[in-house]
Amino acid sequence: MVESMAEKAEVSKENVDPAKEGMEVDETSDIPVKVFTVEILRVIKDMQLQHGLRHGDYQRYRGYCSRRVKRLRKTLNLPQGDRRHYKKRDVTLVNLEKADADERFIHIPLMLAERAWSYAMQLRQESNTELRKRFHLIEKLRKSCVYALQLQELCASERCDARTKLEAEAYSAWIHGSLHFELKLWQSAAENLKKAQVIYENLAQAMPEEEQTVYRAKVEELKPSLRYCAYNVGESSVNDLLEMRGQAGLLGNLSHLVAQTKAESMEAFQMTEWRGRSVTVRPEKVRLFLLSIQELGKSIEKAKDFPAKIELLENVLLDCKDAIAAIKDEIKQDPKLRQTSNDAGSAGLVGIQYLLAYMSYTRLKLTLDRNLFLVAQAKLTLDDPNATEKVQPNSAGKKTKPQDLSRLYEIILQNVTEMQQLSGMENDASYQAEMESLAQSFRAFRCYYIAITLVALKRWREAVAMYERSKKYATEAVSAKTTCSDFDLRTELKTLIATIEGCKFSAHAYSVLEDDTADDSVLFGKSQKSSKPLYERLSHYKEDASLNSRNPNVFKLVPEMEPIPAKPLFFDLALNFVEFPSLEDKIEQKAAGKGTTAGMSGFVKGLFGWGGSAAK
């Protein structure tokens, strides 16, 4: 049992990579030593924004720090006594030198310093109305300085890397500068704040681009306090004081630690370069993809035929899409990256957005390579009337038509358009010029194959026009000042221009011969079919064999239908405006009396047989 455990320990020891696990091997004992990396400034900024300081609620942040310290002590088994008795236990180097040491031991003095500092800031807000609280404020800042010094001593050990040492030193200098600022010790405050500012500036230069924001924001945050100290001390004395302390050795190891931090960051994040700019590669999938395509050119050359090359590129494209998806997932998970990606159009690409643009360009470039191999494969069986050698049909017995190649070049032009519209590259003048030159080259090839298609249809004039346009595009692409380094098509374009010269004159000659043939048919009476009847072409003499047949095309007996105007519709509206003559003189006059009184009603009664004697 003991032997098996020893074997397992040996196997695990062999499989552990100290560089990958953040460990260093002790030469005396051959035991891997943990090296911790604590991003102090980023950690405290994230906690402050998430727990009250976004709205200036220092009391809420102080409560969070207290709960955080309690949880850390319980998790790391570092209690301060039991329920009845209190026994103070600070974090020491012994806790970091253990085999099962945890970097969260460093978080305990950091949280204690933050708790005391947040209490002091809360008292500063309350001291505007209660002046006695200012004394309490000073005591809390002193306590924060004590914990900051503990943090600096822990991080100064060999268990922490250079970045952690610099951040702890800058944090301690900032806390001491804040205390001396409240005590109105302007020289000491200016010295400490300037020291913190210098360290943060050097850290920003050593870090990758996407991690520089938090350090530069801290540098800007310290400027107002430094200006106030300089006002009280004197502008020149602050810099002179810092230079004197630097000569004394206070900042003597700053350059060494910055260089070490930069080297560690370069090892942690692989760097790649595109268009003269270095970009950090953090996602693991992207790193693996970039390593896999380094030998892609050699693999393509070893492929035996075009189908094998196309299949190889399609497999690489699948990996490229997975790498792009990994970058987008990382952007979605980080709200800061989402905000910068939304503003990328106006402020330019930074950090991971530039990496996303590079990977998108790589995907389009691989797609373009695949489509060019498809074009090269189609040219092997192209039925080109301008070619001197006859092509052999493929395995299916089919020849490639010119219109098939024109469609392929249309797809290639769509890929180039997507390259031009890459996010963040719209304002890059050199990049847009290269893409425009590449688009001109592919337009020249597309117009050439469209012209060949028109030649097959015997549309000579249109073919000549397309040849001219193809030559124009090719000439502009060859004479362009900037060309795309990934696709150099100048040799093919020069060959195309030489081919177009002969094809253009050939098509022009065929068009002239066709016109001459049409004239000869009129002059010498060569037979030519016509659908017009004889009475419409009496002025032209043409032999027409159909005139001797049973159904000669002489005259159309049934006239063609012609549109005529429709009969207008009339409505009898005039009756409403007719004034009829009076007929009173025609009506029988009755004697005055009853009959006369009856009038028209009596006439109607007598007419229909009711009333009068009929009623009786």
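Look up: the structure comes first, before these words.
What you see as residue numbers is a count from 1 along each chain, following the sequence as written. Confidence filtering applies because this is a predicted model: local features only for residues at pLDDT of at least 70, side-chain atom pairs given and counted only at 80 or more, and all residues used for totals across whole chains, interfaces and linings. The side-chain figures draw on all heavy atoms in the structure; neither hydrogens nor water molecules are used.

Novice: Just to check I follow, could you spell out the packing of aromatic side chains for this structure?
Specialist: In this description, a pair of aromatic rings is defined by centroid distance and the angle of the planes. Two rings from Phe, Tyr or Trp (for Trp, the six-membered ring) form a pair when their centres sit within 6.5 Å of each other. Planes less than 30 degrees apart are called stacked, planes more than 60 degrees apart edge-to-face, and all others tilted. Taken as a whole and assessed by the stated rule, the structure comprises 21 aromatic pairs. Ring geometry for Tyr61 versus Tyr64: centroids 6.5 Å apart, planes at 25 degrees, classification stacked. Within this pair, Tyr61 and its partner Tyr64 are both found in helix 3 (residues 58–75), separated by 3 residues, close to a single helical turn. Here Tyr61 and Tyr64 have matching classes, each one buried. Numbering of helices and strands runs from the N terminus; a helix is a DSSP stretch of H or I covering at least four residues, while a strand is a stretch of E covering at least two. Relative accessibility thresholds used throughout: buried, under 20% of the residue-type maximum; exposed, over 50%; partly exposed, between the two (1.4 Å probe, protein chains only).

Novice: Quick question: what am I supposed to make of the state of the cysteines here?
Specialist: Every disulfide links exactly two cysteines, by a covalent bond between their sulfur atoms. Pairs of cysteine sulfur atoms within 2.5 Å are what we label disulfides. For the coordinates displayed, the defined rule picks out 0 disulfides. With no disulfide of its own, Cys155 lies closest to Cys160 among cysteine sulfurs, the gap being 4.4 Å. Take Cys155: its relative accessible area is 1%, and that puts it in the buried class.

Novice: Hey, could you run me through the nonpolar core in this one?
Specialist: In summary, soluble globular proteins display a tendency toward joint burial of nonpolar side chains. Formed by 72 residues in total, the largest nonpolar core has its most connected members in Met359, Phe442 and Tyr467. Should any heavy atoms of two residues lie within 4.5 Å, those residues are considered in contact. Every residue in contact with Met359, bar those within four places of it in the chain, is listed here: Val286, Phe289, Leu290, Cys320, Ala323, Ile324 and Ile327. Here, nonpolar core refers to any group of buried Ala, Val, Leu, Ile, Met, Phe, Trp, Tyr and Cys residues whose side-chain atoms link them within 4.5 Å. Ile106, Leu110, Ala113 and Ala189 belong to the second largest nonpolar core, which has 65 residues in total.

Novice: So what exactly am I meant to see when it comes to the pattern of salt bridges here?
Specialist: Side-chain pairs of opposite charge can arise where the charged atoms are in close proximity. Here, a salt bridge means any Lys or Arg side-chain nitrogen found within 4 Å of an Asp or Glu carboxyl oxygen. Per the stated rule, a full pass over the model turns up 21 salt bridges. In this structure, the salt-bridge partner of Arg443 is Glu436, at a minimum N-O distance of 3.5 Å. Exposure remark for Arg443: the relative accessible area of 24% places this residue in the partly exposed category. Of the charged contacts in the structure, one is a salt bridge between Arg459 and Glu462, with a shortest N-O distance of 3.9 Å. Among the residues examined, Glu462 registers a relative accessible area of 36% and is labelled partly exposed. Each of Glu39, Arg42, Asp46, Arg163 and Glu167 takes part in one network of salt bridges that share partners.

Novice: Whenever I open this one, helix 8 (residues 186–206) confuses me. Can you help?
Specialist: Three- or four-residue spacings in an α-helix give side chains the same orientation, since the helix completes a turn every 3.6 residues. Each helix should span, by expectation, one fewer than its residue count multiplied by 1.5 Å. In this model helix 8 runs 30 Å from its N-terminal to its C-terminal C-alpha over 21 residues, within 8% of the 30 Å that 1.5 Å per residue would give. Where burial is concerned, most of helix 8 is hidden: 15 out of the 21 residues are buried.

Novice: So what exactly am I meant to see when it comes to the packing of helix 5 (residues 104–126) against helix 7 (residues 162–182) here?
Specialist: Helix-helix packing: each pair is described by the crossing angle between the helix axes and the interaxial distance. Simply put, an axis is a line fit to the C-alpha atoms, just over the touching stretch for a helix, and the angle between two N-to-C directions goes from 0 to 180 degrees. Where helix 5 meets helix 7, the axes come as close as 12 Å, and the angle between the chain directions of the two elements is 25 degrees. When the axes of helix 5 and helix 7 are compared, the pair comes out roughly parallel. Crossing angle aside, the handedness with which helix 5 passes helix 7 is left-handed. Along the contact surface, helix 5 presents Leu110, Ala113, Glu114, Trp117 and Arg124, while helix 7 presents Tyr171, Trp174, Ile175 and Glu182. Residues were grouped as follows: Ala, Val, Leu, Ile, Met, Phe, Trp, Tyr, Cys and Pro as nonpolar; Asp, Glu, Lys and Arg as charged; and all remaining residues, including Gly, as polar. Tallied by class, residues from the contact of helix 5 with helix 7 come to 6 nonpolar, no polar and 3 charged. Oblique is the label for any angle not under 35 degrees, not over 145, and not in the 65 to 115 range, which are roughly parallel, roughly antiparallel and roughly perpendicular in turn. The sense of a crossing depends on the near helix, which, turned anticlockwise from the far helix by less than a right angle, makes the crossing left-handed and, turned clockwise, makes it right-handed.

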